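Listed here are the chains, written in short residue letters.
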Amino acid sequence: MKPAWHVSLSRSPKNLLASSLVLALALLPASVRAAAGDAKQEKPGTTELGIVEVKARQAAAPVVLPTAAPVDGPFGPGRSVLDTPRSVTPISAGLMRAAGVNDLRDIMKLAPDTYSPTDFGAPSLPDIRGQLGEVFEDGLRQQGGNNGFGVPLSFNAVESMDVVKGPPPVVLGTTQRVGGFVNLGLKRPDLDTPGGYVELGTGSWHRNQGQLDYSTPITPGKSAVRLSVEDHNEGSYYDYAHHHSQDVYLAYRLKPDAVSELNVSVEYYHVNFKDIAGINRPTQNLIDHGLYVTGQGVQPDGSTVPGPFAVISPTGEVRIPRHRVLTDPADRDSVRTWIAHVRYERSLGDDTRYISRTYYQHLSRNEVANDSFVEIIKGADTAEHRSELVLDRDADLFGRTMHQQTDLGLDVRWNHVLGYSQFDTEADLPVDLTGPVSNRRIPLTPDQKAQLVLLRPGLYVSPGAQYPRDGQAAGYMLSDTTDSNSYQTGLFVQHEIHFTPQWSAMAGVRGDEYYVAAKDPLPPPGQVAAHDSVHHFLKAANGSVTWNPVDAVALYAAGSYSQSTSNSIGGGTPLGAGNRIDPANFATDSTLYEIGLKLAPPQGHWYADVSLFDQTRSLRNRDGSNSGIHTKGLDAQWFYQASHLFASAGLSYLDARYDNSASFQDTVQVLDAFNNSRPDIVAGTGVGAPNFAAFPPSSRRLQGLPSVTASALVGYTFDSGLGGTLSGNYTNAFPLDYLATVWIRAQYTLNASVFYRWKTTGTEIRLALNNLTNQKNWAPVFDGGYFGATDVFPELPFNMMFSVRQSF
């Protein structure tokens, strides 16, 4: 469910896309159009108000050093990475391109401790330190779908990103996911110079991509506009899968005087795609040898339709093609979203600055799958406004003059979700993937339909609350259906003081009044819609101490405490047990303790850091409950950049365990799906599956996560314009399921690219080669390990992408 990030216009564009291209060409001055192939002077990137601008000509090598641009937003405006008391990996647009960062899962190529499951083939949220993180855009939190599921993300509007470990600080506010966050930097128009590029790409399995990105001043030095358009018309290695998307991003920038700046942008994204649940029946023989146990499961009533407690009588063991996954040609899934940003900054004096950020997003989704999964978001609307007053001054304290910075702010956020879902009748393990597609389909029985509600002709979903039926107090199956509104108002203050040139401290506190109202949007006939509301005051604080013994070294100790929320479909809140909003969905405590060392020689060619952390958080389970998780470990990263050579390396160790909490899985173990009629193939238990396992509270290792990850990247560009990159990722062996009956072995992936740039014409050709050694790697399909005994995802084999970029 995720987009790729070059782009192609190889198929007939839709009306909106065509109109955007016409508009882009119209923006080109005649002289620029006439001289599109003429030589131009290379322009370096510039930094202003914490925003990086990329000019028409890119440098010979991408910007690699984290110290090259400020970290804007999380701990205040325009901070150096050396002065940021948290582990941070800034990733420039050039580095994204060099490393092949095409979706959020790809950040593990550069940022340590960001290993991620595939989230059904399309991750919509990052995984950081073994837990889901958030996505921010220009410092404001985006919608992340349903616990990371279901909302592909386009990088068409993205200029850069910062990967930050740990919970968002008080400036950014309370969030559901606290492993870390990715703050996406938006593309900004260039006030001085017109320029841009067109890129076309094509790759393995008919993956065609195209992008146009153009910026031009309106009034030089004062105002400018930028348009970026991308189109993906992609086939897939996996059966019946595809990705067709269009994204249009338009930005306006105004600098009316020397002390203020306004940035306004709007983005439209539409994608049709397929969820990919991987290959079911993940036995150790499947992982090690690609061998799949055949035979369709049979329910206790004799039905061969996949269902609970179905038992498989093994009929054989075959080598299954890795592209044969749980997809269906008749499934449909589409998402549309609008995102608008307004950012205004003004200097109010030598030591005072005002920053205003406003964000609005509308999202709709329609997914109906033949394996009995439904998620329909009629509308998920989110609006947020944050105003900050930044005071940067010297003041007398304890008889000494000390530099201080204070960030005061007000944050208001609203979210409304109307959504319907149904996932109670899914059953993957009984399906024999080697048989016809009809094996995978789950038509509802009359009894199942009676426990659901008709949304539209032929489509049944769960009601949004529980009601009696036929003498039963609980007569209906529940999922995430809801009509909810949430209102959040927060006040925060963050203060930093430099006691001496070497010692500084930062502390921040925040309080949010959080109110939620939810109701059932689709009660069964004859029932009165249930509803409930709740409010809570959420508290958060962060603090740090930093010591700079010399300019090139920073040692820090940081701590964070926050009370998080737990949401579901579209960021909404469903009714829980007793038709009430579960209080456990609010004020879920999260803590972080982190110490780190950062090294960044002034005017040097390298940067390195290492951090140790201890963190607690909660994991939202499929049934809406929460399990405590305790993680601790180490992150380390190194970057090097010279005129022609650049390199990076990352290493992490993670110990992630249940914090004396329960765990849930679709099935206790994969062997439960089989009987023991063929012990020569598989020693089945005959329990049947899915059997909806609930494990008692424990401190067992969290399944589906490696404890050791490593990454490396090296690139070189010759004076002639010829260049290339080589990168690799490694993970050690880890258990796929809770009981550790099946393990994904230690594995690695090598990627490479070669390119040639004609400096006089601005033309570049590039060939990306992925999984060079054609490793048969595997990955979990979803966060939290729920499907660890049910499905496993086959990673892509060797594949290529060829692209041509023309800059002008």
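Computed from a prediction, not measured in an experiment: that's the story for all the values here.

(A) Broad picture of the overall build of the chain. Assigned secondary structure in the chain consists of five helices and 44 strands. Over its C-alpha trace the chain gives a radius of gyration of 26 Å, about what one expects of a compact globule, namely 28 Å for 808 residues. Considering only C-alpha atoms, the chain reaches an extent of 75 × 60 × 50 Å along its principal axes. Looking at the 808 residues of the chain, the share that counts as buried comes to 61%. Sequence separation of 24 or more characterises 70% of the internal contacts of the chain that already satisfy a separation of 6 or more. By element, 60% of the accessible surface of the chain is carried by carbon and sulfur atoms, the whole surface being about 28,700 Å². Charge-centre separation for the chain: the mean point of 65 positive side chains lies 4 Å from the mean point of 81 negative side chains.

(B) Just the sheet that holds strand β10 (residues 158-165), in detail. Strands sit in the order β5-β10-β11-β8-β9 across an open sheet of five strands; the sheet is mixed. Edge positions in the open sheet fall to β5 (88-92) and β9 (140-141), since each of these has one partner strand only. By the bridge criterion, five bridges tie β5 to β10 in an arrangement that is antiparallel. Paired with Pro90 across the bridge in β10 is Asp162.

(C) Main features of unusual backbone geometry. In the segment running from Ala689 into Pro690, the intervening peptide bond is cis, with an omega of 0°. Tracing the backbone through its elements, the reader meets Pro690 in the loop between β34 (661-665) and β35 (693-698). A positive phi angle, close to 60°, is found at Asp113, a residue other than glycine. Under the relative-accessibility criterion, Asp113 is labelled buried at 5%. Even without being a glycine, Ser372 presents a positive backbone phi close to 80°.

(D) Quick peek at the side chain of Gln299. Note that Gln299 resides in the loop between β18 (291-294) and β19 (316-319). Only 2.6 Å separates the side chain of Gln299 from the backbone oxygen of Val305, close enough to count as a polar contact. In contact with Gln299, other than residues within four places in its own chain, are Val305, Pro306, Gly307, Pro308 and Ala310.

(E) Fine view of the pairing of strand β31 (residues 606-620). Direction of pairing for strand β30 (residues 588-599) relative to β31: antiparallel, over a ladder of nine bridges. Bridged to Ile595 within β31 is Leu612. Here β30 hands over to β31 after six residues, with Gln603 in that stretch at a positive phi of 55°. Direction of pairing for β31 relative to strand β32 (residues 626-641): antiparallel, over a ladder of 15 bridges. Pairing of Gln615 across the sheet is with Thr631, part of β32.

(F) Structural view of the side chain of Asp103. Among the structural elements, Asp103 can be located in the loop between α3 (93-99) and β6 (127-128). The side chain of Asp103 is buried and forms no salt bridge, while Arg105, the nearest opposite charge, is found at 6.7 Å. At 2.9 Å, the side chain of Asp103 forms a polar contact with the backbone nitrogen of Arg105.

(G) The nonpolar core, seen in detail. Judged by nonpolar contacts, the single largest core of 50 residues is most densely connected at Tyr238, Ile279, Phe674, Trp778 and Val792. With three residues, the top contributor of residues to this core is strand β33 (residues 645-658). Filtering out sequence-adjacent residues up to four positions away, Phe674 remains in contact with Arg281, Thr283, Val293, Val311, Ile312, Pro314, Val682, Gly684, Thr685 and Gly686. Ranked by size, the runner-up nonpolar core spans 41 residues in total, among them Val88, Met96, Leu125 and Val163.

(H) Expanded view of the pattern of salt bridges. As enumerated under the stated definition, the model contains 37 salt bridges in all. Note that Glu261 and Arg253 form a salt bridge whose closest N and O atoms lie 2.9 Å from each other. On the basis of relative accessibility, which here comes to 1%, the residue Glu261 falls in the buried class. In this structure Arg253 comes out as buried when scored by relative accessible area, which is 0%. Note that Glu764 and Arg757 form a salt bridge whose closest N and O atoms lie 2.6 Å from each other. Residue Glu764 shares its accessibility class with Arg757, and that shared class is buried. In the salt-bridge network here, residues are joined through shared partners; they are Asp72, Asp138, Arg188, Arg343, Glu345, Arg353, Arg357, Arg386 and Glu388.

(I) Highlighting a negative patch on the surface. On the surface, a cluster of negative charge is made up of Asp350, Asp351, Asp392, Asp394 and Asp396. Summarising the element assignment, Asp396 is placed in strand β22 (residues 373-397). Residue classification places Asp396 among the exposed positions, given a relative accessible area of 63%.

(J) Examining the pairing of strand β20 (residues 332-349) more closely. Bridge analysis of strand β16 (residues 260-273) against β20 gives 13 bridges, and the strand direction is antiparallel. Within the sheet, the bridge partner assigned to Tyr268 lies in β20 and is Trp338. Relative to strand β21 (residues 352-369), β20 runs antiparallel, the two sharing 17 bridges. In the strand pairing of β21, Ile339 is matched with Gln361. Counted along the chain from β20 to the antiparallel partner β21, the turn is two residues long.

(K) Spotlight on the packing of aromatic side chains. Tallied over the entire structure, the rule returns 18 aromatic pairs. Between Phe695 and Tyr738, the ring centres sit 4.1 Å apart and the planes meet at 20°, which makes this aromatic pair stacked. Of this pair, Phe695 sits in strand β35 while Tyr738 sits in the loop between β38 (734-735) and β39 (743-744); the two residues are 43 residues apart in sequence, bridging distant segments of the chain. Since its relative accessible area comes to 4%, Tyr738 is described here as buried. Here the aromatic rings of Tyr716 and Phe718 are separated by 4.8 Å at their centres, their planes lie at 65°, and the arrangement is edge-to-face. Owing to a relative accessible area of 34%, Tyr716 belongs among the partly exposed residues under this scheme. Look at Phe718 and you get partly exposed, because its relative accessible area is 46%. Taken together through their ring pairs, the aromatic side chains of Phe120, Phe782, Tyr786 and Phe787 make up a single cluster. Sitting above the plane of the Tyr476 ring, Arg469 keeps its charged end 5.9 Å from the centroid.

(L) Quick peek at the environment of Pro601. Its location among the elements puts Pro601 in the loop between β30 and β31. For Pro601, a relative accessible area of 25% corresponds to the partly exposed category. Between the C-alpha atom of Pro601 and that of Val550, which follows or precedes it by 51 residues, the distance is 9.6 Å. Beyond its immediate stretch of four places on either side in the chain, Pro601 contacts Ala552 and Trp606.

(M) Focus on the environment of Ala540. Inspection of the secondary structure assignment puts Ala540 in strand β28 (residues 531-547). We classify Ala540 as buried; its relative accessible area is 12%. Along the primary structure Ala540 and Val509 are separated by 31 residues, whereas in three dimensions their C-alpha atoms are 5.8 Å apart. Leaving out residues up to four positions away in the same chain, Ala540 has contacts with Val170, Gly508, Val509, Arg510, Tyr561 and Ser562.

Rules of the game
Residues numbered from 1 in each chain as written. Predicted model: local features only at pLDDT ≥ 70, side-chain atom pairs only at ≥ 80, totals over all residues. Heavy atoms only, no water. Helix = DSSP H or I, 4+ residues; strand = E, 2+ residues; numbered from the N terminus. Rg over C-alpha atoms; globule rule 2.2 N^0.38 Å. Buried < 20%, exposed > 50% of the residue type's maximum accessible area, 1.4 Å probe, protein only. Contact = heavy atoms within 4.5 Å. Areas by Shrake-Rupley, 256 points an atom, 1.4 Å probe, with all protein chains shown as cover. Lys, Arg positive; Asp, Glu negative; His and termini not counted. Charge placed at Lys NZ, Arg CZ, Asp CG, Glu CD. Pairing = 2+ DSSP bridges. Polar contact = N/O pair within 3.5 Å; in protein donor to acceptor, adjacent residues only side chain to side chain. Salt bridge = Lys/Arg side-chain N within 4 Å of Asp/Glu carboxyl O. Core = buried A, V, L, I, M, F, W, Y, C linked by side-chain atoms within 4.5 Å. Patch = residues over 30% accessible without salt bridge, like charges linked within 9 Å, V, L, I, M, F, W, Y side chains within 5 Å. Phe/Tyr/Trp six-rings, centres within 6.5 Å; stacked < 30°, edge-to-face > 60°. Lys NZ or Arg CZ within 6 Å of the ring centre and 35° of its normal.

Structural measurements only, silent on function.
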